[in-house]
Amino acid sequence: MDLGIAGKTALVCGASKGLGYGCAEALVREGVNVVIVARGAEALEAAAKTLAQSAASGAFVKHVAADITTEAGRAAVFALGHDFDIVVTNAGGPPPGDFRNWDREAWIKAVDANMLTPIELIKATVDGMARRGFGRIVNITSSSVKSPIDILGLSNGARSGLTGFVAGVARTPIAAQGVTINNLLPGSFDTDRLKGTMAGAAQKSGQDFDTVWEARKKNIPAKRFGTPAEFGAICAFLCSMQAGYMTGQNVLADGGAYPGTY
Ligand SMILES: NC(=O)c1ccc[n+]([C@@H]2O[C@H](COP(=O)([O-])OP(=O)(O)OC[C@H]3O[C@@H](n4cnc5c(N)ncnc54)[C@H](OP(=O)(O)O)[C@@H]3O)[C@@H](O)[C@H]2O)c1
């Protein structure tokens, strides 16, 4: 299916690997120009080179090594001077732990990364999108918004704040100006982040990594983890012309793990 977005320009955050990379790859394959962001310059540059090889003809890939959760990081991105038609917001998730140990600083960091940064990126781009009559914003959040994970309280809380904000702003007049804002909720995807979380769980329970990894799969109806490419394909669809009537939604991709009917 031609998604009708060739020649558009996208900002994809947290995209040197994992889910953000999957989104960037699916977009460049559609002929979308992509600016990718991550903090580690070396991995980012390598990712940009690989992406450029998958890019449909004419599409460019640029990269900005920056911490997207900082004002300076976002300024470095906007200094490129692009009018972004598509924005995929993403940054690392907050660490697991016990809420009794989280002080104000831990909460502010989580809220900054997983709520205020996407809001700042929306604020910086949405009016331009509306003026040009087309815009797609996809926030990578988490299945924890629908089905909280006890040790990820910082994520449950900060991402729920973003979800509430998006539900409101997506339905403002920008909805009639060609701009959609949706959240894409990953369940368990095979990325370094998941491996890190599983390694922590293994250490805590005294089991080896492979035992914990395989046990986690068994709890998912699909009996496997998702791939960044599958996630990217859903993201690209949400950015497509065809998805223009879909806004303010929370789209779950979790192999059936969420047990609810709705
Ligand atoms: N994988 C899953 O199963 C899963 C499930 C639920 C939710 N999520 C959430 O989905 C998001 C992406 O997860 P992932 O699995 O793709 O993680 P990942 O494999 O660890 O990749 C994270 C990417 O984001 C970049 N990044 C992290 N912090 C950043 C920052 N402050 N500024 C710019 N770039 C940043 C990383 O590069 P640098 O470190 O070099 O900056 C990397 O490119 C996270 O918020 C995660 O919590 C993932």
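What counts, and where the lines are drawn
- Residues numbered from 1 in each chain as written.
- Predicted model: local features only at pLDDT ≥ 70, side-chain atom pairs only at ≥ 80, totals over all residues.
- Heavy atoms only, no water.
- Helix = DSSP H or I, 4+ residues; strand = E, 2+ residues; numbered from the N terminus.
- Rg over C-alpha atoms; globule rule 2.2 N^0.38 Å.
- Buried < 20%, exposed > 50% of the residue type's maximum accessible area, 1.4 Å probe, protein only.
- Contact = heavy atoms within 4.5 Å.
- Areas by Shrake-Rupley, 256 points an atom, 1.4 Å probe, with all protein chains shown as cover.
- Lys, Arg positive; Asp, Glu negative; His and termini not counted.
- Charge placed at Lys NZ, Arg CZ, Asp CG, Glu CD.
- Pairing = 2+ DSSP bridges.
- pLDDT = per-residue confidence, 0-100.
- Disulfide = S-S within 2.5 Å.
- Salt bridge = Lys/Arg side-chain N within 4 Å of Asp/Glu carboxyl O.
- Expected span 1.5 Å × (residues − 1).
- Arc of directions from axis to C-beta.

**Side note on the overall build of the protein**
Here's step 1: For the protein, the count of helices and strands is 8 helices and 7 strands.
Here's step 2: A globule of 262 residues ought to have a C-alpha radius of gyration of about 18 Å, and the protein, at 18 Å, matches this closely.
Here's step 3: Of all 262 residues assigned to the protein, the portion counted as buried reaches 47%.
Here's step 4: Of the contacts formed within the protein by residues at least 6 apart in sequence, a portion of 73% connects residues at least 24 apart.
Here's step 5: For the protein, the exposed surface amounts to about 12500 Å²; the carbon and sulfur share of it is 54%.
Here's step 6: The distance from the centre of the 25 positive side-chain charges to the centre of the 23 negative ones in the protein is 3 Å.

**Some details on the pairing of strand β7 (residues 250-253)**
Here's step 1: Here β7 shows a buried face lined by Val 251 and Ala 253 and an unburied face lined by Asn 250 and Leu 252.
Here's step 2: Two elements, strand β6 (residues 179-186) and β7, share 4 bridges in a ladder whose sense is parallel. Looking at β7, one finds that Leu 184 is bridged to Val 251.

**So, the confidence of the model for the protein**
Here's step 1: Put simply, the protein has an average pLDDT of 96, and 100% of its residues get 70 or more.
Here's step 2: Taking the mean pLDDT of every element in the protein, the minimum, 90, falls on helix α6 (residues 192-205) and the maximum, 99, on strand β4 (residues 86-89).

**Notes on the state of the cysteines**
Here's step 1: Scanning the entire structure with this criterion turns up 0 disulfides.
Here's step 2: The thiol of Cys 13 is unpaired, and the distance to the nearest cysteine sulfur, on Cys 23, comes to 11 Å.
Here's step 3: Residue classification places Cys 13 among the buried positions, given a relative accessible area of 0%.

**A short note on the pattern of salt bridges**
Here's step 1: Considering all chains together, one arrives at 9 salt bridges under this definition.
Here's step 2: In this structure, Arg 132 and Asp 85 form a salt bridge, with 3.7 Å as the shortest nitrogen-oxygen distance. Taken together, the positions of Arg 132 in helix α4 (residues 104-132) and Asp 85 in the loop between α3 (71-78) and β4 put the pair 47 residues apart, joining distant regions of the chain.
Here's step 3: Several salt bridges converge on common partners, so that one network encompasses Asp 83, Asp 85 and Arg 132.

**Some thoughts on α6**
Here's step 1: Spanning 14 residues, α6 covers 20 Å between terminal C-alpha atoms, matching the ideal 20 Å at 1.5 Å per step.
Here's step 2: Within α6, the full set of buried residues consists of Leu 194, Met 198 and Ala 202. For α6, the buried positions fall inside an angular range of 75 degrees around the axis, keeping them on one side. Across α6 from its buried face, at more than 90 degrees, point the exposed residues Gln 203 and Lys 204.
Here's step 3: For α6, the elements touching its buried residues are α7 (209-218).
Here's step 4: Directly after α6, the chain includes Gly 206, whose backbone phi takes a positive value near 75 degrees.

**Regarding α3**
Here's step 1: Taken together, the buried positions of α3 are Gly 73, Arg 74 and Val 77. Here the buried residues of α3 occupy an arc of 95 degrees about the axis, which is enough to place them on one side. Residues Glu 71 and Ala 72 are exposed on α3 and point more than 90 degrees away from its buried face.
Here's step 2: For α3, the elements touching its buried residues are β1 (9-13), β2 (33-38), β3 (61-65) and α4.

**What about the pairing of β4?**
Here's step 1: Going residue by residue along β4, you find Ile 86 and Val 88 tucked away on one face and Val 87 and Thr 89 tucked away on the opposite face as well.
Here's step 2: Sheet topology note: the β1/β4 ladder contains 3 bridges and is parallel. Each bridged residue has a counterpart across the sheet, and for Val 12 the counterpart in β4 is Val 88.
Here's step 3: Pairing of β4 with strand β5 (residues 135-140), which is carried by 4 bridges, proceeds in the parallel orientation. Bridge pairing links Thr 89 to Asn 139 in β5.

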